[in-house]
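# Observations on chain architecture
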Amino acid sequence: MAANPMHQFQVYKIGPEIKLGNVDLSFTNSSLFMLISAFTICLFLYFGSKQKSIIPSRLQLVAELSYNFIGKMISDTAGSKAKPYFPFIFTLFMFVLLCNMIGMLPYSFTVTSHIIVTLVMALFIFIAVTIIGFIKHGFKYLSLFVPKGVPVVLLPLITIIEIISYLSRPVSLSVRLFANMMAGHTMLKVFGSFVISLGLLGGWLPLSFSVALTGLEILVAFLQAYVFAILTCIYLNDALNLHH
Amino acid sequence: MRLKIPLVIFIYWFETLLFAAEAGMPQLDSKYWFSQSFWLILIFLLLYLSLSKFFIPKIKDNLDDREKKIKDNLDEAKKLSELAEKKNLDYKNEISNAKREVIKIISESKKLLDKNMSQKKEQFEKELEKEINKAEKEILDLKKGSSISINLIAEEISAKIIEDITGDKLNTSSIKASVAEVSKNKIGKYL
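Residues numbered from 1 in each chain as written. Chains lettered and ligands numbered in written order. Predicted model: local features only at pLDDT ≥ 70, side-chain atom pairs only at ≥ 80, totals over all residues.

### Quick look at the overall build of chain A
On a plain count of helices and strands, chain A comes out with seven helices and two strands. Counting from the amino terminus, helix and strand elements in chain A follow one another as β-β-α-α-α-α-α-α-α. On the principal axes, the C-alpha backbone points of chain A span a range of 65 × 50 × 45 Å. Among the 244 residues that make up chain A, the fraction classed as buried is 33%. Long-range pairs, those at least 24 residues apart, make up 63% of the contacts in chain A with a sequence separation of at least 6. (Helix = DSSP H or I, 4+ residues; strand = E, 2+ residues; numbered from the N terminus. Buried ≥ 20, exposed ≤ 12 C-beta atoms within 10 Å, placed from the backbone. Contact = placed C-beta atoms within 7 Å.)

### Describing the overall build of chain B
Scanning chain B from N- to C-terminus turns up three helices and zero strands. Walking chain B from its N terminus toward its C terminus, one meets helices and strands in the order α-α-α. Counting the 191 residues in chain B, one finds 9% classified as buried.

### Some points on the interface of chain A and chain B
Chain A puts 34 residues into the contact, and the matching count from chain B is 32 residues. Those elements giving two or more residues to the side of chain A that touches chain B turn out to be β2 (23-24), α1 (29-48), α2 (58-78), α3 (86-103) and α4 (115-137) of chain A. A class-by-class count of the residues in the side of chain A that touches chain B yields 23 nonpolar, eight polar and three charged. (Nonpolar A, V, L, I, M, F, W, Y, C, P; charged D, E, K, R; others polar.)

### Side note on α3(A)
Taking 1.5 Å of rise per residue, the 18 residues of α3(A) would be expected to cover 26 Å, and the 25 Å separating its terminal C-alpha atoms lies within 8% of that figure. Counting buried positions along α3(A) gives 14 out of 18 residues, so the element sits mostly inside the fold. (Expected span 1.5 Å × (residues − 1).)

### Quick word on the environment of I54(A)
Looking at the secondary structure, you find I54(A) in the loop between α1 and α2. Classification of I54(A) by C-beta neighbours within 10 Å gives exposed; the count is 11. In this structure, the C-alpha to C-alpha distance between I54(A) and E64(A), residues ten residues apart in sequence, is 12 Å. Here I54(A) is in contact with R66(B) and K69(B), once residues within four sequence places are set aside.

### Considering the confidence of the model for chain B
Residues and elements named next belong to chain B. Taken residue by residue, chain B gives an average pLDDT of 84. The fraction at 70 or more is 85%. When mean pLDDT is taken per element in chain B, helix α2 (residues 33-166) scores highest with 91 and helix α1 (residues 4-24) scores lowest with 58. Interface predicted TM-score (ipTM) for the complex: 0.89; the corresponding pTM is 0.72. (pLDDT = per-residue confidence, 0-100.)

### Some details on the confidence of the model for chain A
Looking at chain A, the pLDDT average stands at 89 and 98% of residues meet or exceed 70. Looking across chain A, the model is least confident in strand β1 (residues 19-20) of chain A, with a mean pLDDT of 80, and most confident in α3(A), with 94.

### A short note on the packing of α3(A) against α2(B)
For the pair α3(A) and α2(B), interaxial distance at closest approach is 9 Å and the crossing angle is 120°. Between α3(A) and α2(B), the interaxial angle falls into the category oblique. When you trace α3(A) past α2(B), the crossing you get is right-handed. In contact with P87(A), F88(A), F90(A), T91(A) and F95(A) of α3(A), α2(B) contributes F44(B), L47(B), Y48(B), L51(B), S52(B) and I56(B). (Axes fitted to C-alpha atoms, helices over the stretch in contact; angles between N-to-C directions. Parallel < 35°, antiparallel > 145°, perpendicular 65-115°, else oblique. Left-handed = near helix turned anticlockwise from the far one by under 90°.)

### Let's talk about α1(A)
With 20 residues, α1(A) should reach 28 Å at 1.5 Å per residue; the first-to-last C-alpha distance of 28 Å fits that figure. Within α1(A), the full set of buried residues consists of S30(A), S31(A), F33(A), M34(A), S37(A), A38(A), I41(A), L45(A) and G48(A). Along its buried surface, α1(A) packs onto α2 and α3 of chain A together with α2 of chain B.

### Side note on the nonpolar core
Core analysis: the biggest nonpolar cluster contains 65 residues, and I89(A), F93(A), F95(A), A229(A) and L236(A) have the highest contact counts within it. The set of elements that each furnish at least two residues to this core consists of α1, α2, α3, α4, α6 (169-202) and α7 (204-240) of chain A together with α2 of chain B. Ignoring sequence-local partners within four residues, the contact set of I89(A) consists of I70(A), I74(A), A229(A), T232(A) and C233(A). (Core = buried A, V, L, I, M, F, W, Y, C linked by C-beta atoms within 7 Å.)

### A word on the packing of α3(A) against α7(A)
All names here are of chain A. Relative orientation of the contacting elements α3 and α7 amounts to 160°, with a least axis distance of 8 Å. As far as their axial angle goes, α7 and α3 are roughly antiparallel. Crossing of α3 against α7: the hand is right-handed. Here I89, L92, F93, V96, L97, N100 and M101 of α3 lie close against α7, whose contacting residues are A221, F222, Q224, A225, F228, A229, T232 and C233.

### Points about the environment of S96(B)
With respect to the helices and strands, S96(B) occurs in helix α2. Taking the C-alpha atoms as reference points, S96(B) and I148(B), 52 residues apart in sequence, are found 76 Å from one another.

### Notes on unusual backbone geometry
A positive phi angle is found at Y107(A), which is not glycine, with a value near 70°. With respect to the helices and strands, Y107(A) occurs in the loop between α3 and α4.

As structure tokens, this is what we get:
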């Protein structure tokens, strides 16, 4: 069972079973790693903002760099109107990043490799952005589906396509992250098991692949967190600045 | 019978789905979906609250503080450099002023010295002239006096010579007259 590359995605409960009526809300390894990620973020930011030195320490520098990084990303993609949503985007980015990164540790669990987790986040973003759009622009927000400068003949078709693309946003957002994480970890596991099965004689080639893949996966972990955050910013931009 | 075949197919499909969830992708196992969603929302909410209420303002404060401090320091440095420039200018002005003063003092003292010197020179020249005049007068007096005494001596000598040669005493007035005549003609040669 341990050699099964999908075994690492198994969710099992830790501690007593918690049931709310008919719904199972037990604490699982997934919840544990979410907690670890959140706790790590808090710890990192606590030590990153503890001293108020003019010349920052390394941790402080990283914390301030990530703050500026997200701040610049938001102002570049969604403009100054998106400033109130900075804490949310920052939390989202840090959470996804830390979940991805902690998932890279051997024997750990990758929270974001589960479609339900990414789907809940994506759906939340989708619904929140839609609500923000309707609050800011009222029914005019529907003009998002009617792009300007399109010939009248093509307009119905384009509108239908726009609506479909809008509705598929949560799916694409969640599946992108989940599939990337799952595929990467499965691949790492497969190459790892090759190393074991080929032994000392032939195991070196998959081992080198494994090492290279680990580097690639760390990049992907960062990149997917970045993509998740920047797509959220772009959706937010659509809702805040209609027809820019 | 008609219902049985779809039912069998459905059960088979459902079982394969279950099997897939068990052996294939644990992600599709819906058993813990609610639990995962619940814990995700709870933990994310807590993280969001702690970040937005506590950590992000702190980092922002740190960054703002730094920016302000750097700006303040830069302003102060600018001010100080301006001050230094001003001081430097003042110093240069002072030096040039001092140089001008020195030149003035030198020229003044030179003038004074020149004046003094010319005054002294003049005075000295005057005194010298006076002395010279005095000396010349004295010489003249002396000359006059000497011509008289020369005449006297010449009279005595000539009286004596004549007396020695002739053995006679000659009239003194005639000697005097002849000496006076000779000295009148010849004395200018020697005095």
